[in-house]
Amino acid sequence: MRSITVVGASLAGLSTVRALRAEGYDGEIVVVGEERHTPYDRPPLSKDFLKGDIDADALKLGDADEYEVLDAHWLLGERAVRLDPVARTVTLASGRHVRTDGVVVATGATPRTLPGADGLAGVHTLRTLDDAQALRAELLDGLPRVVVIGAGPIGAEVASTAHRLGLHVTVVEALDVPLERQLGREMGLVCSSLHSDHGVRLLCGTGAAELVGEGRVTGVRLADGRLLPADIVVVGVGVRPNTGWLAGSGVRVDDGVVCDAGCSTGVPGVVAVGDVARCPNPFTGRHARIEHWSNAIEQAKTAARTLLTGVSAAAPLTAPYFWSDQYQVRIQVAGHVAPGAEPEVVEGDIDSRTFTAVYRREGAPVAVLSLNQPKFFNRLRRTLAPAATAVVS
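Residues numbered from 1 in each chain as written. Predicted model: local features only at pLDDT ≥ 70, side-chain atom pairs only at ≥ 80, totals over all residues. Heavy atoms only, no water.

Focus: empty space enclosed by the protein
On inspection of all chains with the given rule, the structure shows 2 cavities of 30 Å³ or more. When residues of the lining of the largest cavity are traced back to their parent elements, those giving at least two are β4 (80-84) and β7 (102-105). A breakdown of the residues in the lining of the largest cavity according to their chemical character gives 5 nonpolar, 4 polar and 3 charged. Residue lining of the second largest cavity: P153, L179, L183, F322, S324, Q326, I331 and V333, and that is the complete set. When residues of the lining of the second largest cavity are traced back to their parent elements, those giving at least two are β22 (321-326) and β23 (329-335). Considering each element in turn, the lining of the second largest cavity owes the most residues, 3 residues, to β22. Of the residues in the lining of the second largest cavity, the class split is 6 nonpolar, 2 polar and no charged. (1 Å grid on protein atoms, 1.4 Å probe; cavity = no way out; pocket = protein on both sides within 12 Å on 5 of 7 lines; lining within 4 Å. Points joined across faces, edges and corners; volume = space filled by probe spheres on them. Helix = DSSP H or I, 4+ residues; strand = E, 2+ residues; numbered from the N terminus. Nonpolar A, V, L, I, M, F, W, Y, C, P; charged D, E, K, R; others polar.)

Let's talk about the pattern of salt bridges
All told, the structure shown has 22 salt bridges when counted by the stated rule. In this structure, R18 engages E66 in a salt bridge whose closest nitrogen and oxygen atoms are separated by 2.7 Å. Here E66 lies in helix α3 (residues 64-70) and R18 lies in helix α1 (residues 11-22), a separation of 48 residues in the sequence. Judged by relative accessible area, R18 falls into the partly exposed class, the value being 29%. On the accessibility criterion, E66 (22% relative accessible area) is partly exposed. A cluster of three or more residues bridged by salt bridges with shared partners is formed by D48, K51 and D53. (Salt bridge = Lys/Arg side-chain N within 4 Å of Asp/Glu carboxyl O. Buried < 20%, exposed > 50% of the residue type's maximum accessible area, 1.4 Å probe, protein only.)

Some thoughts on the sheet that holds strand β9 (residues 123-124)
Spatial strand order, β9-β16-β10-β11-β12: 5 strands in an open sheet with parallel pairing. Each end of this open sheet is capped by a strand with a single partner; those strands are β9 and β12 (201-204). Sheet topology note: the strand β11 (residues 168-173)/β12 ladder contains 4 bridges and is parallel. From the neighbouring strand, V171 faces β12, where its bridge partner is L202. (Pairing = 2+ DSSP bridges.)

Written as structure tokens, this is what we have:
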């Protein structure tokens, strides 16, 4: 294999370039990135960057010295529109054709929006550096009323940041209990109570029906008919994997690029990594996309080995992990909260918002949740037991 094209220039793409070089690959690497920026760290976008505490340079992943060693050719501001595995080409929106022996699909995902949001000033999603810069400019202007739609980790972090900036924040969540799917009902209630602890209004069990305003948003009408006045609206209602450019390529797509545990798509010379890849996870026993920072790094190593050897590499038996910083509380979660898993507080206490809980299923520890106890969390995450080896969809 003399040339490899990595489509996607975020953490997953950069991690794959690093992994390829670490595996000894010395051929040509081309990285295609739709954004004009070199790879940057996304987690701070909703926190320190959004508050104005750090600038874009602080987000950069890698430096000039590392990029020189990696020796990749970066095509930034270019969008892939077609993959032809037979002709071994990736076609870009500019009309350019990139010939390649191998392809890494690392195109990530795009935030979902609400009907009527297009062209309405003051309505934001948060995924990219450009998104964060636009939202930060408005938040720092001091527009007072912020409505966040969606109480997942990104929405909660934006709400926390806006609150610390002194703005009046309301969070709208369609589910009765935010984060119930990730944490279960009991701990979902505990973590979502951080909003009310800090005077942020949380409305659950009703979704946003429409955005109100002409030219600029002035409010959010809820499904139950209530109207929330708003100067800024942030929509955090999930993402869609970026797979449209793969139509007709033979790569199977179903809520992401369908892969085996080694990140192989089944199309020779094509692997997928990161938020776009839907792979069996040997720890959780589920076939799903995992939109976690740590997963992008680990998965890249597996994909690089698979691509270079032509044989699907074994994925590490590592518990999925994510964290979220909200209201000066660090929430850390490892493992998989499967149906039937019950949490038990093993250190600290819930009322202080400083505790660690272990989830057990049939007596085995399958997940751990910690608020502001990183050392205890790191010790317990190493004790977690994987699910049964059978992988379910």
